[in-house]
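Each chain, written out:
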Amino acid sequence: MTTLHWKLVIDASDPHAQAEFWAKALGYLVEDNSDQIARLITLGHVSEERDTVEAHGRRAWRNLVAVRHPDDPYDEATGIGHGRRLLFQRVPEAKTVKNRLHLDLHAGPGRRDAEVTRLEGLGATVLRRVEEPGGEWTVMADPEGNEYCVQ
């Protein structure tokens, strides 16, 4: 069996704000799909007014935006990454329950508190601090309330 290519998709009320937060939090890049969008508008497959917005200084999909690791490969024609990615998609409903899946961010030895402070400055909130025999971490929430941990 060959390995599968994957991305983590996260529902969002404001996908572009979420992408901006997570790009800064992880040191990732917001994907630039503007060339692909321009090509599809020219071909008449996409409506600029209905399907796109100006975001991150360029034309972007209204309801989808991804962030990718800066060292991973990507398709220059579409801007789509072929490695570690988070894709944010607009959904009409707000988050209502605890995540069943979450990210763990590893700050490194002795750097957790500084990383938590940096993430708070980006708009995250601390939910609780955990100290267990298996380790210590801080449970946080991103600007839309999605939980993640900082170790």
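Cut-offs used in this document
Residues numbered from 1 in each chain as written. Predicted model: local features only at pLDDT ≥ 70, side-chain atom pairs only at ≥ 80, totals over all residues. Heavy atoms only, no water. Helix = DSSP H or I, 4+ residues; strand = E, 2+ residues; numbered from the N terminus. Contact = heavy atoms within 4.5 Å. Areas by Shrake-Rupley, 256 points an atom, 1.4 Å probe, with all protein chains shown as cover. Lys, Arg positive; Asp, Glu negative; His and termini not counted. Charge placed at Lys NZ, Arg CZ, Asp CG, Glu CD. Axes fitted to C-alpha atoms, helices over the stretch in contact; angles between N-to-C directions. Parallel < 35°, antiparallel > 145°, perpendicular 65-115°, else oblique. Left-handed = near helix turned anticlockwise from the far one by under 90°. Nonpolar A, V, L, I, M, F, W, Y, C, P; charged D, E, K, R; others polar. Pairing = 2+ DSSP bridges. pLDDT = per-residue confidence, 0-100.

Now, about the overall build of the protein chain: what can you tell me, with residues and values included?
Counting its regular elements, the protein chain contains four helices and 10 strands. In terms of overall dimensions, the protein chain has C-alpha extents of about 60 × 35 × 30 Å along its principal axes. Within the protein chain, residue pairs in contact and separated by at least 24 positions form 61% of the contacts whose partners lie at least 6 positions apart. Carbon and sulfur atoms provide 52% of the accessible area of the protein chain, an area that totals close to 9,200 Å². Of the side-chain charges in the protein chain, 19 are positive and 25 negative, and the distance between the mean point of each set is 2 Å.

Tell me what's going on with the packing of helix α1 (residues 15-26) against helix α4 (residues 112-121), and back it up with residues and numbers.
Across the interface, α1 lies against α4 with an axial gap of 10 Å and an inter-helix angle of 155 degrees. Taken as axis vectors, α1 and α4 run roughly antiparallel relative to one another. α4 is crossed by α1, and the crossing has right-handed handedness. Contacts between α1 and α4 involve F21, K24 and A25 on the former and, on the latter, E115, R118 and L119. Residue classes in the contact of α1 with α4 are distributed as three nonpolar, no polar and three charged.

Before we move on, can you summarise the sheet that holds strand β7 (residues 104-105) with the specific residues and values?
Pairing is mixed across the open sheet formed by four strands, whose spatial order is β7-β10-β9-β8. Strands at the two margins of the open sheet, each flanked by one partner only, are β7 and β8 (125-132). Where β8 lies against strand β9 (residues 135-141), seven bridges are found, and the strand directions are antiparallel. Looking at the pairing, R129 lines up with T138 of β9.

How would you sum up the confidence of the model for the protein chain? Please name residues and give values.
In regions of low pLDDT, the predicted coordinates are not meant to be interpreted in detail. This prediction gives the protein chain a mean pLDDT of 95; 100% of its residues lie at or above 70. Of all secondary-structure elements in the protein chain, the lowest mean pLDDT belongs to strand β1 (residues 8-12), at 95, while α4 reaches the highest, 98.

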